[in-house]
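What follows is each chain in one-letter form.
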Amino acid sequence: MTNANKSLVVITGASSGIGAAIAKSFSAAGHPLLLLARRAEAMQALALPNSLSISVDVTDADAIKAAISQAEAQFGPVGCLINNAGVMLLGQIDTQDPNEWSRMLNINVMGVLNGIHAVLAGMKAHKNGTIINISSVAGRKTFPNHAAYCATKFAVHALTENIREEVAMDDVRLITIAPGAVETELLSHTTDEAIKAGYHDWKEQMGGVIAPENVAAATLFAWQQPQNVCVREIVLAPTRQQP
């Protein structure tokens, strides 16, 4: 699949950060878009042509399916789903509120599975399609105060590769994008102020982190390969990021 086909691209978590950057990148490549996030106004403010913005909680599987049906009626079948919605709540397991674990598991894992479930049968039937899951370097290695978050991102890596193997003969691609430290709103969700301060110090010691646009460019690159080429995983991080 190449951008010349102008197929529908669905992006979750499209209201800010990596999701918004991906939306702009794929729009510039000429694709109609279905933008999904809880903040509809933020998505509409992107003012992207041929786009439909719908307020959806990715933990609501029925809402995702309904939104995709609405977009397909307008733009045709989904060619690419980009599961980007996620939350990062850092903390030590002995002191962290277990409700934060549930929130991360529901959004970071169940949200990804809900998106895949909504499009995969159709992609297999059409013998065409791509699912790109935005994971993290924290899905490949562990970090202090990241235990529950790492658990969710290791899950994303595992489910992506598992499903990729299952649908390879259906000509459906599954791709993992694993960024390191990126300048987004993710850290603001963490409630432990000491951990947030330490994370900010780490970013400064590296001389800054990568921009969401860097992740968007990697995502578009993977998508624009021919359908018989699957870039299984891209890991990108600041050059100075050691772990």
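Since this is a predicted model, take the numbers as computed values, not measurements. (Residues numbered from 1 in each chain as written. Predicted model: local features only at pLDDT ≥ 70, side-chain atom pairs only at ≥ 80, totals over all residues. Heavy atoms only, no water.)

So, the layout of surface pockets
Each pocket or cavity is described by its volume, and for the largest pocket that value is around 1000 Å³. Within the residue set of the lining of the largest pocket, elements represented by two or more residues are α1 (17-28), β2 (33-37), α4 (98-126), α5 (147-167) and α6 (193-205). With 6 residues, the single largest contributor to the lining of the largest pocket is α6. Per-class residue counts for the lining of the largest pocket are 24 nonpolar, 17 polar and 8 charged. (1 Å grid on protein atoms, 1.4 Å probe; cavity = no way out; pocket = protein on both sides within 12 Å on 5 of 7 lines; lining within 4 Å. Points joined across faces, edges and corners; volume = space filled by probe spheres on them. Helix = DSSP H or I, 4+ residues; strand = E, 2+ residues; numbered from the N terminus. Nonpolar A, V, L, I, M, F, W, Y, C, P; charged D, E, K, R; others polar.)

Remarks on unusual backbone geometry
Most peptide bonds adopt trans geometry, and most residues besides glycine take a negative phi value. You will see that Ala47, though not glycine, has its phi angle at about 55°, which is positive. The residue Ala47 is located in the loop between α2 (40-44) and β3 (51-55) in this model. A relative accessible area of 62% means that Ala47 is categorised as exposed. Look at Asp171: it is not a glycine, yet its phi comes out positive at around 60°. On the secondary structure map, Asp171 appears in the loop between α5 and β6 (172-179). (Buried < 20%, exposed > 50% of the residue type's maximum accessible area, 1.4 Å probe, protein only.)

Section: empty space enclosed by the protein
In the structure shown here, the tally under the stated rule is 1 cavity of 30 Å³ or more. For the largest cavity, the calculated volume is near 30 Å³. Lining the largest cavity are Thr12, Val58, Asn83, Asn84, Ala85, Ile107, Gly111 and Val112. Take the lining of the largest cavity: its biggest share by element is 3 residues, from α4. The class makeup of the residues in the lining of the largest cavity is 4 nonpolar, 4 polar and no charged.

Examining the UniProt feature "domain: Ketoreductase" (unreviewed entry) in the protein chain
Mapped onto this structure's residue numbering, the UniProt feature "domain: Ketoreductase" (unreviewed entry) falls at residues 7-166. Taken end to end, residues 7-166 comprises 51% helix and 17% strand; its first and last C-alpha atoms sit 23 Å apart. (UniProt positions renumbered as here; feature names shortened; annotations may be inferred.)

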